[in-house]
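Residues per chain, in single letters:
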Amino acid sequence: MFRMWFALGLMGCGGAGEYRGSLVNGMDASPLVAVRIVAKASPAPPDLTCQVRETTTTADGSFVLENLCRDQNYVMSIPEPTLQMSGNTVVSGVEAMEPTTHQAWRSPDGQGLYR
C-alpha cells in the first residue's frame, strides 16, 4: 500500500527540475548573501507538493530552486520587506538553462530619506 501512495506522489509532481540563478544588488552588482527566496506556483496547482519552493543565496549570491514540478511556472519573491526583485521573476522547472542573474533593490524602511 505504501509503495502505491509513494508512486502516486511522484507522478503528481510530474518530475523534478531545478532553476539556477544569482541575486545581485541593483545599484552596484555586488552579490546579495543569505537572502531567502520564495517561489510560489502560478497558477496554483491542485498538487500540494508543487506549490512552494524556498532557497537561500550563498556567499557569491547564487541560488538553486530544486524539485520544481515540470510544466509548472513559479513566481519568485523575497519576503524581506525592504528588498524587491526586479525584472523577470517567473521561472519553471523545465530543462536546465544557464544560470540567470536577477537584481534586487533596497527600499527605505518607513518614512524619511534613503541612505
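The following paragraphs examine the structure supplied in this document. (Residues numbered from 1 in each chain as written. Predicted model: local features only at pLDDT ≥ 70, side-chain atom pairs only at ≥ 80, totals over all residues. Heavy atoms only, no water.)

## Things to note about the environment of Glu 54
Part 1 of the reasoning: Relative to the assigned elements, Glu 54 resides in strand S3 (residues 52-56).
Part 2 of the reasoning: The contacts of Glu 54, once residues within four sequence positions are left out, are Arg 36, Ile 37, Val 38 and Leu 65.
Part 3 of the reasoning: Here the side chain of Glu 54 touches Arg 36 through a polar contact of 3.0 Å, side chain to side chain. (Helix = DSSP H or I, 4+ residues; strand = E, 2+ residues; numbered from the N terminus. Contact = heavy atoms within 4.5 Å. Polar contact = N/O pair within 3.5 Å; in protein donor to acceptor, adjacent residues only side chain to side chain.)

## Structural notes on the sheet that holds strand S2 (residues 36-41)
Part 1 of the reasoning: Reading across from one edge, S3-S2-S5-S7 is the order of the four strands in this open sheet, with antiparallel pairing throughout. Of all strands in the sheet, those bounded by a partner on one side alone are S3 and strand S7 (90-92). Between one strand axis and the next, the sheet turns by 30° as a mean value, whatever way the strands run.
Part 2 of the reasoning: Examined bridge by bridge, S2 and S3 share five bridges and lie antiparallel to one another. Residue pairing in the sheet places Lys 40 in a bridge with Val 52 of S3. (Pairing = 2+ DSSP bridges. Axes fitted to C-alpha atoms, helices over the stretch in contact; angles between N-to-C directions.)

## Quick look at the packing of aromatic side chains
Any two aromatic rings considered together are summarised by their centre-to-centre distance and by the angle between their planes.
Part 1 of the reasoning: One pass over the full model with this rule turns up one aromatic pair.
Part 2 of the reasoning: With centroids separated by 6.3 Å and ring planes inclined at 40°, the aromatic side chains of Tyr 19 and Phe 63 adopt a geometry described as tilted. On the criterion of sequence distance, the pair formed by Tyr 19 in strand S1 (residues 16-25) and Phe 63 in strand S4 (residues 62-69) is long-range, its members being 44 residues apart. Like Tyr 19, the residue Phe 63 is buried in the burial classification. (Phe/Tyr/Trp six-rings, centres within 6.5 Å; stacked < 30°, edge-to-face > 60°. Buried < 20%, exposed > 50% of the residue type's maximum accessible area, 1.4 Å probe, protein only.)

Take it as geometry only, folks, not as evidence of what the structure does.
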